[in-house]
Amino acid sequence: EIGIIAEGLGFKAYLVGGVVRDILLGKEVWDVDFVVEGDAIKVAELLAQKHKVEFHPFPEFGTAHVKVKGLKLELATTRRETYPHPGAYPLVEYASLREDLLRRDFTINAMAVSVNSQDFGTLIDYFGGLRDLKDRLIRVLHPLSFVEDPVRILRALRFAGRLGFKLSKSTERLLRSAVSLGAISSAPKGRIMNEVRLALREERFLEILELYRKYQILAEIFKGITWSPKLEKKLLRLRDIITWHKIEFPKEVMDYGWVYLLVLLEEMKEEEGMAFLRDISAPSWVRETYKIMKRGSKSTEKSLLEAKRNSEVYLSLKNKPLYFLLMLMTKENLKEKVKLYLEKLRFVKVNVEKFRGLSGRELGEAIEKEKMKIMDEALE
Ligand code: ATP
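Residues numbered from 1 in each chain as written. Predicted model: local features only at pLDDT ≥ 70, side-chain atom pairs only at ≥ 80, totals over all residues. Heavy atoms only, no water.

1. Quick word on the environment of Ile-221
So, step 1. Secondary-structure assignment places Ile-221 in helix α12 (residues 218-221).
So, step 2. Taking relative accessible area as the criterion, Ile-221 reaches 6% and is therefore assigned buried. (Helix = DSSP H or I, 4+ residues; strand = E, 2+ residues; numbered from the N terminus. Buried < 20%, exposed > 50% of the residue type's maximum accessible area, 1.4 Å probe, protein only.)

2. Regarding the packing of helix α10 (residues 189-200) against helix α11 (residues 205-214)
So, step 1. Packing of α10 against α11 brings their axes to within 9 Å, and their N-to-C directions diverge by 135°. The orientation of α10 relative to α11 falls into the category oblique. Within the contact between the two elements, α10 uses Val-196, Ala-199 and Leu-200 and α11 uses Phe-205, Ile-208 and Tyr-212.
So, step 2. A per-class count over the contact of α10 with α11 returns 6 nonpolar, no polar and no charged. (Axes fitted to C-alpha atoms, helices over the stretch in contact; angles between N-to-C directions. Parallel < 35°, antiparallel > 145°, perpendicular 65-115°, else oblique. Contact = heavy atoms within 4.5 Å. Nonpolar A, V, L, I, M, F, W, Y, C, P; charged D, E, K, R; others polar.)

3. Re the nonpolar core
So, step 1. Counting 111 residues, the largest nonpolar core has Leu-75, Ile-153, Tyr-212 and Phe-222 as its most contacted members.
So, step 2. Not counting residues within four places of it along the chain, the set of residues in contact with Leu-75 comprises Ile-2, Phe-34, Val-36, Ala-40, Val-43, Ala-44, Gly-62, Thr-63, Ala-64 and Val-66.
So, step 3. By size, the runner-up hydrophobic cluster in this structure holds 11 residues, among which are Val-16, Leu-101, Phe-127 and Leu-141. (Core = buried A, V, L, I, M, F, W, Y, C linked by side-chain atoms within 4.5 Å.)

4. What about the pairing of strand β6 (residues 79-82)?
So, step 1. By the alternation rule, side chains of β6 split into Arg-79 and Glu-81, which are all buried, and Arg-80 and Thr-82, of which none is buried.
So, step 2. Taken together, the 4 bridges between β6 and strand β7 (residues 91-94) define a ladder with antiparallel strand orientation. Across the sheet, Arg-80 pairs through a bridge with Glu-93, a residue of β7. (Pairing = 2+ DSSP bridges.)

5. Notes on the packing of helix α14 (residues 257-265) against helix α16 (residues 284-306)
So, step 1. Between α14 and α16, the least distance of the axes is 11 Å, while the angle of their chain directions is 35°. Remark: the crossing between α14 and α16 carries right-handed chirality. Touching Trp-258, Leu-262 and Leu-265 of α14 are Trp-285, Val-286, Thr-289, Tyr-290 and Met-293, all from α16.
So, step 2. Grouping the amino acids of the contact of α14 with α16 by side-chain chemistry returns 7 nonpolar, 1 polar and no charged. (Left-handed = near helix turned anticlockwise from the far one by under 90°.)

6. A word on the site of the ligand
So, step 1. Close to the ligand lie 15 residues, the nearest being Arg-21, Asn-109, Asp-149, Arg-152 and Arg-162.
So, step 2. Relative to its unbound accessible surface of 590 Å², the ligand loses 72% to contact with the protein.
So, step 3. The leading source of residues in the shell around the ligand is helix α7 (residues 151-163), at 5 residues.
So, step 4. Taken together, the residues of the shell around the ligand break down into 1 nonpolar, 3 polar and 11 charged. (Near = heavy atom within 4 Å. Areas by Shrake-Rupley, 256 points an atom, 1.4 Å probe, with all protein chains shown as cover.)

7. Focus on the side chain of Arg-79
So, step 1. Structurally, Arg-79 is set in strand β6.
So, step 2. Non-local contacts of Arg-79, meaning those with residues more than four positions away in its chain, are made with Phe-61, Thr-63, Val-92, Glu-93, Tyr-94, Ala-95, Glu-99, Asp-100 and Arg-103.

8. Points about the pattern of salt bridges
So, step 1. Evaluated as defined, the whole model comprises 30 salt bridges.
So, step 2. Salt-bridge contacts for Glu-288 lead to Lys-291; the nearest nitrogen and oxygen are separated by 3.5 Å. Here Glu-288 pairs with Lys-291, and both are found in helix α16, just 3 residues apart, close to one helical turn.
So, step 3. In this structure, Lys-371 and Glu-368 form a salt bridge, with 3.3 Å as the shortest nitrogen-oxygen distance. Taken together, the positions of Lys-371 and Glu-368, both in helix α20 (residues 360-379) and 3 residues apart, correspond to about one turn of that helix. Each member of the pair, Lys-371 as well as Glu-368, is classed as buried. (Salt bridge = Lys/Arg side-chain N within 4 Å of Asp/Glu carboxyl O.)

Okay, here's the thing in structure tokens:
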């Protein structure tokens with residue numbers, strides 16, 4: 001349909017980028033990117049009119065967003081990008097489909113599918129993306145790619161980690177050489193942090209972290225952390241805990257990436273950790289949890305370790321953020337107690353009828369007391 005609208009205006013339209021890769025991998029897609037050789041905003045506007053939905057144009061980028069049938073469509077005018085200096089934000093000019101694909105990061109992300117009527121569904125693959133997808137390889141399109149945009153170093157490792165792909169031999173060499181030339185520190189920090197945020201959202205974040213380590217960018221990104229077998233074990237335990245939590249409490253599923261980050265920042269000095277959280281624009285509750293962790297963790301750990309009765313476990317953990325509790329579970333000697341709290345103690349219910357006549361704080365206290373009585377009696 002986009003193809004037909006585009007043709008009506010004398011343009012050609014293509015599906016491009018990550019969506020083509022994901023379709024070829026048999027994944028579901030919700031964010032769908034198109035490019036138009038012509039005025040993408042006009043095509044988006046006509047599409048939105050036809051479906052009676054809103055459209056959001058961004059004239060300075062030549063792009064527009066339209067939501068249709070649960071799909072988020074982005075239409076962009078094909079463009080070429082040139083980098084005034086390495087790592088800088090690129091200069092943008094309109095160009096052909098081929099040039100638009102040539103500015104992209106990896107062969108598997110640089111394929112297009114025609115949606116025009118004369119060749120609908122044809123794969124356009126100038127750089128061997130399909131072959132690399134089959135061979136499970138991440139490959140850049142030209143030798144200066146990583147120098148031009150160092151964020152691609154992190155993107156390469158994110159895709160490799162997510163998909164279980166390897167870097168092609170030459171790409172690996174180019175990546176190592178860009179890293180050793182200091183590419184990461186020359187790139188704008190905001191863009192790097194943005195990419196780290198995306199990595200934190202990945203299911204296979206630990207694999208990505210392992211790749212950061214392998215290619216020696218871990219220390220550059222997380223300044224102040226020292227990798228140790230102990231930290232690695234803790235992260236692996238966290239992965240098991242997250243898997244457990246997802247299955248046990250599907251309604252509580254959350255951005256687990258932040259918990260990984262909290263564990264990574266645990267050993268850092270508080271100011272350094274806070275500075276990192278600011279740089280990565282962590283939400284305020286992540287920063288709060290980090291503070292609790294740095295300031296209150298030791299006393300919570302101590303009281304939890306000493307707790308014998310269920311009510312004591314309950315008192316140590318009540319009102320603590322869930323993120324903090326998952327982080328605590330990475331400590332072998334506390335794990336079972338936190339688990340007991342998450343599975344049972346926090347759900348103990350009392351019959352409020354019993355306390356008719358009480359209100360406000362008095363009622364609250366009576367309820368808490370009764371809860372603790374129940375958990376000590378029933379579970380002891
Ligand atoms: P994801 O599944 O993580 O959303 P994606 O491939 O859709 O992956 P986006 O960040 O949405 O990733 O980017 C869309 C497309 O834009 C990519 O597929 C790639 O072709 C191109 N692209 C994104 N970032 C860069 C970059 N730094 N350098 C070159 N091309 C890029």
